[in-house]
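Each chain is listed here by its residues.
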Amino acid sequence: MEKKRLMYDFSQAASREETNAEKYTLRERLFGTVDVEPVWVADMDINTPDFVLKSVKQRLEHPIVGYEEVPHSAYKAQAEWLQRRHGLSVSLEDMFHSHSVVASMSVIIEAFSEEGDEVIVQTPVYPPFFHSVTEHGRKLLKNSLIQNSEGKYVFDIDRLKVMITPKTKLLLLCSPHNPVGRVWSREELEEIANICYKNNIVVFSDEIHSDIVYAGKKHTPFAMVSQKAAEISLSAFGVGKTFNMAGFAMSSVVVQNPLLKEKFEKVYKRVHFAGGNALSHVAFERAYKEGDLWLEELKIHLWNNYETLCELSEEYKELIQIIPLEATYLAWLDCRGMELKDKELRDFFVEEAKLGLNAGISFGREGSGFMRLNFAVSSAKMSLIIERLRNALETLRNKRGKH
Ligand SMILES: Cc1ncc(COP(=O)(O)O)c(C=O)c1O
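Given the structure is predicted, the values throughout are model-derived calculations rather than measurements.

Draft legend 1. Examining the overall build of the protein chain more closely. Broken down by element type, the protein chain carries 14 helices and 15 strands. Whereas a compact globule of 403 residues would reach a radius of gyration of roughly 22 Å, the protein chain reaches 21 Å, a difference of no more than 12%. Along the first, second and third principal axes, the C-alpha atoms of the protein chain reach 65 × 60 × 40 Å. Burial statistics for the protein chain: of 403 residues in total, 56% are counted as buried. Nonlocal contacts in the protein chain, meaning residues at least 24 apart in sequence, comprise 74% of its contacts between residues at least 6 apart. Looking at the protein chain as shown, the accessible area adds up to about 18300 Å², and 50% of this sits on carbon and sulfur atoms.

Draft legend 2. Highlighting the packing of helix 12 (residues 292-315) against helix 14 (residues 379-400). Running from N to C, helix 12 and helix 14 point in directions that differ by 10°, and their axes come no closer than 10 Å. The pairing of helix 12 with helix 14 is recorded here as roughly parallel in orientation. Crossing of helix 12 against helix 14: the hand is right-handed. Every residue of helix 14 that contacts helix 12 at His301, Asn305, Thr308, Leu309, Leu312 and Glu315 is listed here: Ser379, Met382, Ile386, Leu389, Arg390, Leu393 and Arg397.

Draft legend 3. Region of interest: the environment of Lys217. Mapped onto the elements, Lys217 comes out in the loop between strand 8 (202-206) and helix 9 (227-232). Its relative accessible area of 37% is what places Lys217 among the partly exposed residues. Sequence-wise, Lys217 and Tyr24 are 193 residues apart; in three dimensions their C-alpha atoms are separated by 33 Å. In this structure Lys217 touches Lys152, Val183 and Glu326, once residues within four positions along its chain are discounted.

Draft legend 4. Just the packing of aromatic side chains, in detail. All told, the structure shown has 18 aromatic pairs when counted by the stated rule. With centroids separated by 4.6 Å and ring planes inclined at 15°, the aromatic side chains of Tyr268 and Phe273 adopt a geometry described as stacked. Here the basic side chain of Arg85 rests over the ring of Trp81, its NZ or CZ set 4.8 Å away from the ring centre. Here the basic side chain of Lys142 rests over the ring of Phe130, its NZ or CZ set 5.0 Å away from the ring centre.

Draft legend 5. Region of interest: the domain arrangement of the protein chain. You can read the domains of the protein chain as domain 1 (22-48 + 292-400) and domain 2 (53-290). The gap between the C-alpha centroids of domain 1 and domain 2 is 26 Å. Taken together, the contacts link 31 residues of domain 1 with 36 residues of domain 2. Summing both sides of the interface, domain 1 and domain 2 together bury roughly 2900 Å²; the carbon and sulfur share of this comes to 55%. Taken together, domain 1 and domain 2 are joined by 6 salt bridges. A salt bridge links Arg85 to Glu296; its shortest N-O distance comes to 2.4 Å. Across the contact surface, domain 1 and domain 2 share 21 residue pairs in polar contact (both at pLDDT 80 or more). Elements represented by at least two residues in the side of domain 1 that touches domain 2 include exactly helix 12, strand 12 (330-334) and strand 15 (370-374).

Draft legend 6. Expanded view of the site of the ligand. In the neighbourhood of the ligand, the contacting residues comprise Ala42, Ser100, Val101, Val102, Tyr126, Cys174, Asn178, Asp206, Ile208, His209 and Lys241. Separating an oxygen atom of the ligand from a backbone N or O atom of Val101 is a distance of 2.8 Å. Within the contact set of the ligand, an oxygen atom lies 3.1 Å away from a backbone nitrogen or oxygen of Val102. Looking at the shell around the ligand, its residues break down into 6 nonpolar, 3 polar and 2 charged.

Draft legend 7. Region of interest: the nonpolar core. The biggest cluster of nonpolar side chains holds 69 residues, and the ones touching the most others in it are Tyr329, Met338, Phe349 and Phe375. Listing elements by their share of this core, those giving two or more residues are helix 3 (50-59), helix 4 (72-86), helix 11 (278-290), helix 12, strand 12, helix 13 (342-352), strand 15 and helix 14. Here this core spans two domains, since at least three of its residues come from each of domain 1 (22-48 + 292-400) and domain 2 (53-290). Look past the residues within four positions of Phe349 in its chain and what remains in contact with it is Ile320, Leu333, Cys335, Met338, Lys354, Leu355, Leu357, Met371 and Leu389. Core analysis: the next-biggest nonpolar cluster, separate from the first, contains 31 residues, Phe112, Phe130, Val133 and Leu234 among them.

Draft legend 8. Examining the sheet that holds strand 11 (residues 321-322) more closely. Read across the open sheet, the 4 strands follow the order 11-12-15-14; overall the sheet is antiparallel. Only two strands of the sheet have a single neighbouring strand rather than two, namely strand 11 and strand 14 (358-359). When strand 11 meets strand 12, the two strands line up antiparallel, connected through 2 bridges. Bridged to Ile322 within strand 12 is Leu333.

Draft legend 9. How the structure looks around the pattern of salt bridges. Throughout the structure, instances matching the rule amount to 30 salt bridges. Linking Lys23 and Asp43 is a salt bridge whose minimum nitrogen-to-oxygen distance equals 2.8 Å. Within this pair, whereas Lys23 is found in helix 1 (residues 22-25), its partner Asp43 is found in the loop between strand 1 (37-38) and helix 3, the two being separated by 20 residues in sequence. Asp43 matches Lys23 in its accessibility class, with the two residues each being buried. As a salt-bridge pair, Asp117 and Lys167 come within 3.8 Å of each other at their nearest N and O atoms. Placement of the pair is Asp117 in the loop between helix 5 (101-112) and strand 3 (118-123) and Lys167 in the loop between helix 7 (157-163) and strand 7 (168-174), with a sequence separation of 50 residues. For Asp117, a relative accessible area of 4% translates into the label buried. The exposure class assigned to Lys167 is partly exposed, which follows from its relative accessible area of 43%.

The rules behind the values
Residues numbered from 1 in each chain as written. Predicted model: local features only at pLDDT ≥ 70, side-chain atom pairs only at ≥ 80, totals over all residues. Heavy atoms only, no water. Helix = DSSP H or I, 4+ residues; strand = E, 2+ residues; numbered from the N terminus. Rg over C-alpha atoms; globule rule 2.2 N^0.38 Å. Buried < 20%, exposed > 50% of the residue type's maximum accessible area, 1.4 Å probe, protein only. Contact = heavy atoms within 4.5 Å. Areas by Shrake-Rupley, 256 points an atom, 1.4 Å probe, with all protein chains shown as cover. Axes fitted to C-alpha atoms, helices over the stretch in contact; angles between N-to-C directions. Parallel < 35°, antiparallel > 145°, perpendicular 65-115°, else oblique. Left-handed = near helix turned anticlockwise from the far one by under 90°. Phe/Tyr/Trp six-rings, centres within 6.5 Å; stacked < 30°, edge-to-face > 60°. Lys NZ or Arg CZ within 6 Å of the ring centre and 35° of its normal. Domains from an automatic or database assignment. Buried area = accessible area lost by both parts, 1.4 Å probe. Salt bridge = Lys/Arg side-chain N within 4 Å of Asp/Glu carboxyl O. Polar contact = N/O pair within 3.5 Å; in protein donor to acceptor, adjacent residues only side chain to side chain. Near = heavy atom within 4 Å. Nonpolar A, V, L, I, M, F, W, Y, C, P; charged D, E, K, R; others polar. Core = buried A, V, L, I, M, F, W, Y, C linked by side-chain atoms within 4.5 Å. Pairing = 2+ DSSP bridges.

So, in structure tokens, the structure goes:
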């Protein structure tokens, strides 16, 4: 099929080697070599939109960058985005800015649980969901996601119901889910909401990936699922993933129930988030005001990359299969067909493919035999990744004599 012509060009991207991009600076420590193409941490090797950068350059025309408040207009731009794109109505008084969703999660853990209390996470999941809980002295209750007969990951509702005790105070939801790429349906979220409501459990819904959802799927903000869901939850939304501007470090927490808001605000103030970064304020506002078309085109580009990856895995399906993706730019690769132990699997990607991926096991024991690959790269880099992966898979296939 002929590819749609885009207004924005994602065929090339600037090199980040000479910047302090974590993806590059941590290569040697993580993979033992700099000779790997990094496809791990969840930011994109795609240029941050020009209109965002321009807003910062304009702001710097004023020669003083002192303490500044988040302007009303920035929160308004985000609220309008949430309404326009997700149908969620938010009052500006219910929004709190944060430099990090993970930091917001820590505030919420402190605000809604005590040491020794239990916090539920659904694994495999983004690793800070574990650390944030245990480092605050709370007990982690892991409810493994299960794969249904079509290989789709779903919540284990029966287990969830029986694992709750009077000490269970909080459930951390990743929606859409990193790393399995699910967009939870309204019905699935409603089940979670009903169970948590019944058991007085507060839900923190991390919706940082909610803008990168592909055709045919629709993100449902947890707070929109029902009145009960809105009452028991706090949600996080941000520009970091959507517009590749994690370095601006700005997101927000939305909390609608006044009782939850009061508790949250107490810890939020104690930690002192203050006014945040003046340059991020303008970047955040501009992204939300002008980003619709860029995002739509980005998603077309990302989906093309994903399809290329799927075509390759189809050729080598006895070795590698891709879990069907509904959201995010993180492919969850089922590599169990390679019959390698987790360390060998990581070494295979580093040594044979010269690619630095996240080991599936780092997302929980359910990730054993899996790897996570970030395909948010330019078309030029995607071709390189595919070539390296193909060569490595071909070598492995030949070694196994499996063809
Ligand atoms: C689910 C999820 N939450 C939070 C983050 C990080 O957010 P922040 O950089 O705002 O702390 C990530 C980054 O990969 C993520 O995948």
